[in-house]
Amino acid sequence: PFAAGLIPAERATLDRILPGASVYHLDITLSDDLTHLSGREEVRYTNREDAPLPEVVFRLFPNLLGGKATVTNLTVNRQPAEPAFRLQESEMIVPLASPLAVGESVVIGMDFAVDVPTTAGSNYASFATLDGIAALAHFYPLIAVFDDEGWNAEIPPTYGDVVYADSSFYRVRVAAPAEVVLVASGVEAESRREGGTQTVTYAAGPVRDFYLAASPRYTRHSQTVGQTTLHSYAPDSVAASAEQALDYAADALRTFDARFGDYPFTELDLIATPTLAGGIEYPGVVVVALALYERRGDFFETATAHEVAHQWFYSVVGNDQVDDPWLDESLVQYATWLYYRDVHGATGDAGFRRVLEGYWNRAQHADTPIGLPVAAYTEEEYGAIVYGRGPLFFDALAQTIGQEAMDALLRDYYRTYQWDIATPEGLQQLAEAHCDCDLSPLFREWVFGEGE
Ligand SMILES: [Zn+2]
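Residues numbered from 1 in each chain as written. Predicted model: local features only at pLDDT ≥ 70, side-chain atom pairs only at ≥ 80, totals over all residues. Heavy atoms only, no water.

**Student:** Would you mind showing me how to read the layout of surface pockets here?
**Tutor:** Gaps left between atoms are located by rolling a probe of water-molecule size over the structure's atoms. Each pocket or cavity is described by its volume, and for the largest pocket that value is around 700 Å³. Lining the largest pocket are 34 residues, with Val145, Phe146, Asp166, Asp420 and Ile421 sitting closest to its centre. Those elements giving two or more residues to the lining of the largest pocket turn out to be β2 (36–46), β11 (142–143), β12 (145–147) and α8 (424–435). Here the lining of the largest pocket gets 3 residues from one element, more than from any other, and that element is β12. Of the residues belonging to the lining of the largest pocket, the class tally is 14 nonpolar, 8 polar and 12 charged. No fewer than three residues from each of domain 1 (1–216) and domain 3 (325–448) sit in the lining of the largest pocket. Counted as a void, the second largest pocket has a volume near 580 Å³. In terms of lining residues, the second largest pocket is bounded by 24 residues, among which Tyr124, Ala277, Gly278, Tyr359 and Tyr387 are the most central. Within the residue set of the lining of the second largest pocket, elements represented by two or more residues are β22 (279–282), α4 (298–309), α5 (325–361) and α6 (379–401). (1 Å grid on protein atoms, 1.4 Å probe; cavity = no way out; pocket = protein on both sides within 12 Å on 5 of 7 lines; lining within 4 Å. Points joined across faces, edges and corners; volume = space filled by probe spheres on them. Helix = DSSP H or I, 4+ residues; strand = E, 2+ residues; numbered from the N terminus. Nonpolar A, V, L, I, M, F, W, Y, C, P; charged D, E, K, R; others polar. Domains from an automatic or database assignment.)

Structural data, given as structure tokens:
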């Protein structure tokens, strides 16, 4: 079912990474008022690390985002298991009867129920039902990444993105009131209506996360670019902006396809939600604030291009968004700059440089390293340094190694880390391979700091 969501050139991915990637099966029901989810999750997890694992760790993000997620009837290979919880119940540790050997798999099953917040209190209202729009980010138990820190789980700051996850496959069946429009990562595999209920099955993958939105207010507008269909979902009151968003996204898709390599999926959804962020990225999904659809203006275009660029950097090439936010955010700001250069020429290029200088100026052009964890910055600094100074670092890198080497580097980076997780050291090594030079001084000056 996953091949339909991938452009032909990417279908070989299924054979290449399917054997080890986690496979999630979710079967959920969304309540009539769009504020409760309940259902069942079964996930096949394979140990792709280099040591046996005595436990598997899940994140329950609703418990950090103003909602509530509970898990019952947990099983491991159909045997009952007792989970432990940490980090304000946002971390669920599933003990295994015996350590999972390298290359071996387990099937973990559970029932889960989720209360969705109905106020905008937390993390930009990324997870909330407001004004008849349900934005259901990270609503289900999601397996954490096992990396050099072990199971990597922490409580992220209230600003910045929260998810750090491996590329996986999802088959998700959603039962919802018949009158709402459902939007999700991946493609629709099956759909039927019975009485007041619609049941839609989605196939998504490889993706790091599965996003779902629902609203009776949405109307769909579509446009095709190359091998990908863009769908825009927004209320009728902003129909003209929805068409505009499609045009911005189409230009962005063409720019980034040409510069970095093809967007891998056959579908990309643009969704207007009441988020308090300008926009937020999810695999196969771009959320832009409804407020920007209403106001229009320059930031509407910037936010749309920025979130589309995240499909390359965050979604396909992953990173630890909590500890290395610059790897996606600073690079995506640089990609947005390239969008302005390609779509609007010299004026766009100069204009967006001023925008970035303006961001950095909020921290008085301080030479604070761009490569720190989100928590090391105040919210103000985070915007100024990671979104302002960060893209100016990538420009300095391009000046140092030459634009041609920079273009080749970004294509290589996209291909090398496709479906995988990039690291700051990996990016530096790849850049040094492209210039055949030592970039340590430049990375110290901009990224890591002079502290060593
Ligand atoms: Zn971003």
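**Student:** Any chance you could explain the domain arrangement of the protein chain here in plain terms?
**Tutor:** Entries for the protein chain in the domain assignment read domain 1 (1–216), domain 2 (218–313) and domain 3 (325–448). Using C-alpha coordinates to define each centre, domain 2 is positioned 22 Å away from domain 3. In this complex, domain 2 contributes 25 residues to the contact, which on the side of domain 3 involves 23 residues. Carbon and sulfur atoms supply 60% of the area that domain 2 and domain 3 bury against each other, a total of about 2000 Å² over both sides. By the criterion of area lost to domain 3, the three top residues of domain 2 are Arg259, Phe260 and Phe313, representing 36% of everything that side buries. Across the contact surface, domain 2 and domain 3 share 2 salt bridges. In this structure, the salt-bridge partner of aspartate 342 is arginine 259, at a minimum N-O distance of 2.7 Å. The interface formed by domain 2 and domain 3 holds 11 residue pairs in polar contact (both at pLDDT 80 or more) in total. Going through the elements one at a time, α2 (239–260) and α4 are the ones with two or more residues in the side of domain 2 that touches domain 3. (Contact = heavy atoms within 4.5 Å. Buried area = accessible area lost by both parts, 1.4 Å probe. Salt bridge = Lys/Arg side-chain N within 4 Å of Asp/Glu carboxyl O. Polar contact = N/O pair within 3.5 Å; in protein donor to acceptor, adjacent residues only side chain to side chain.)

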